[in-house]
Amino acid sequence: MPRINEHYQNLRAAYLFAEIRRRTQTFVEAHPGTRLVDLGVGDVTRPLPAAVVRAMHAATDDMARAETFKGYGPYAGYEWLRAAIAKHDFAARGVRVGVDEIFVSDGGKSDSANLQEIFAEDCVVAVMDPVYPVYADTNVVAGRSGAADASGRYAGMVYLPCTAENRFQPALPDRRVDLIYLCYPNNPTGAVATRDALTRWVRYAREHDAVIFYDAAYEAYIVDEDVPHSIYEIDGAREVAIECRSFSKNAGFTGMRLAYTVVPKEAAGRTAAGERVSLTTLWARRIAMKSNGPPYVIQKAAAAIYTPAGDNEVRALTDFYMENARIIHDGLAAAGLDVYGGRNAPYVWFRTPPGVSSWDFFDRMLATAGVVGAPGSGFGPSGEGYLRLTAFGSREQTEEAVDRIRTRLC
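Now for a quick tour of the structure. (Residues numbered from 1 in each chain as written. Predicted model: local features only at pLDDT ≥ 70, side-chain atom pairs only at ≥ 80, totals over all residues. Heavy atoms only, no water.)

Looking only at helices and strands, the protein has 12 helices and 15 strands in total. For the protein, the residues scored as buried account for 55% of the 410 residues in total. Counting only contacts in the protein whose residues sit at least 6 apart along the sequence, the fraction spanning at least 24 positions is 73%. In the form shown here, the protein has an accessible surface area of approximately 17,800 Å², with 50% of it arising from carbon and sulfur atoms. (Helix = DSSP H or I, 4+ residues; strand = E, 2+ residues; numbered from the N terminus. Buried < 20%, exposed > 50% of the residue type's maximum accessible area, 1.4 Å probe, protein only. Contact = heavy atoms within 4.5 Å. Areas by Shrake-Rupley, 256 points an atom, 1.4 Å probe, with all protein chains shown as cover.)

With that settled, consider the nonpolar core. By size, the foremost hydrophobic cluster in this structure holds 114 residues, and its most contacted members are I180 and F253. Sort the elements by how many residues they give to this core and helix α11 (residues 358-369) lands first, with 6 residues. Ignoring sequence-local partners within four residues, the contact set of F253 consists of L48, V52, F247, S248, L258, I298, A301 and A302. Core analysis: the second largest hydrophobic core is formed by 11 residues, F320, Y321, M322 and A325 among them. (Core = buried A, V, L, I, M, F, W, Y, C linked by side-chain atoms within 4.5 Å.)

Glancing now at the sheet that holds strand β8 (residues 259-262). Spatially, the 7 strands line up as an open sheet ordered β2-β8-β7-β6-β5-β3-β4, and their pairing is mixed. Each having just a single partner strand, β2 (102-105) and β4 (157-161) make up the two edges of the open sheet. Averaged over all pairs of adjacent strands, the angle between their axes in this sheet comes to 20°, without regard to strand direction. Summarising the sheet, strand β3 (residues 125-129) and strand β5 (residues 179-183) pair through 3 bridges and their orientation is parallel. Within β5, the residue paired with V125 across the bridge is L179. Set on the sheet, helix α6 (residues 195-208) makes contact with β4, β5 and β6 (211-215); between it and β6 the angle comes to about 150°. (Pairing = 2+ DSSP bridges. Axes fitted to C-alpha atoms, helices over the stretch in contact; angles between N-to-C directions.)

Between helix α1 (residues 16-30) and α11, the least distance of the axes is 11 Å, while the angle of their chain directions is 35°. The way α1 lies across α11 gives a crossing that is right-handed. Judged by residue contacts, L16, E19, I20, R23, T24 and F27 of α1 engage W359, F362, D363, L366 and A367 from α11. Residues that form the contact of α1 with α11 fall into these classes: 7 nonpolar, 1 polar and 3 charged. (Left-handed = near helix turned anticlockwise from the far one by under 90°. Nonpolar A, V, L, I, M, F, W, Y, C, P; charged D, E, K, R; others polar.)

Below, the discussion takes up the sheet that holds strand β12 (residues 347-351). With antiparallel pairing, the 4 strands of this open sheet are ordered in space as β11-β12-β15-β14. Of all the strands in the sheet, the pair left with one neighbour each is β11 (339-341) and β14 (374-375). Bridge count for β12 against strand β15 (residues 386-390) is 5 bridges, and the pairing is antiparallel. By the bridge assignment, W349 is partnered in β15 with R388. Relative to β15, α11 is tilted by about 50°, and along the sheet it contacts β12, β14 and β15.

Tracing the backbone shows P74 in the loop between α2 (50-63) and α3 (79-90). Under the relative-accessibility criterion, P74 is labelled partly exposed at 35%. Separated by 220 residues in the primary sequence, P74 and P294 place their C-alpha atoms 9.2 Å from one another. Once residues lying within four places of it in the same chain are set aside, the contact partners of P74 are N292 and G293.

The packing of two helices is summarised by the inter-axis angle and the distance between the axes. Put simply, α2 and helix α10 (residues 308-334) touch, their axes get as near as 7 Å, and they point 130° apart. Relative to α10, α2 is oriented oblique. Contact residues: α2 offers A50, A51 and R54, while α10 offers A309, G310 and E313. The residue inventory of the contact of α2 with α10, partitioned by class, reads 3 nonpolar, 1 polar and 2 charged. (Parallel < 35°, antiparallel > 145°, perpendicular 65-115°, else oblique.)

From the geometry alone we can't say anything about function, so treat these as descriptive.
In structure tokens:
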């Protein structure tokens, strides 16, 4: 038998969202007929914007005619989509991003998982704690972590604690690191990064020759004018930051799978001999080797969100979900819980009662209130004692979940 990649043996027992589904299914099987409200995994519930649907129909018609049929597309995505991204997502905010620095993909999760492949196995990785599990797990299987201890921490990783006590703004690493994962607006805490905070991170990366992976999947939910939408709004970030964005949560593409990553030409790594190597070139080579690009029909659908009608419809979607976030935040706060997030992000993060672990409260909330959340400890040790609820349910689901928690648990 061939030998396996033994780094997989270092992963914690179960991927967070798979474990949530497993526990939920076990409960449903033991209690048939129970009506659950699921605000745990974070899948969207509103239908696609009308402009997107029209574009998909037109693109499907293109595929039915010989003169407009499309086979393999460009590895990095069609230029018309990348040009729209550069114009509307960046230039409109005074940020310079070239079309040839944008790489369209099949999802932000994929990009977040795959970016580490272009770096050496001995790179030291820093992750926010709590952390979106993909950042940590992919570095574990790449051999950068070692085994986890009893709390779930990996000895080979540097953790950046994000708690209510530090306003979910992690301190800079106390040792040298090579790769830094930042996510703002943050999943799971709902926190945002100030301009001053991002400036400190960019300065640190420049001083220590580090690279920042900046996940801005939820930037469309930012409403405060002083909160940056892109790390490239910070001077010097183009030299040290790679930014990922997604169409999943703003335009409802969770089932369509489309995202993009920006790798500026100034960003570089080095060989063992010290030779400077363009990260744009490396990522382009990785894309060409492992992907044929997302389908033409899906890319046409994404381009539609940059039309006036599409822009208005996407804004209506994000407004709807942010009203859900307000309902959750205000309802739980009125019940006496310590609640965070929900202002510039579609996630609400709240403390569990004293002495009650995240998973214990998850089980209690499931059994008593019939509400599914996401235990904070599943995102990392600093998440112990917290739970996350998402704003992506229907209005009825959202209001019912809050009412059940208030009346049955608080």
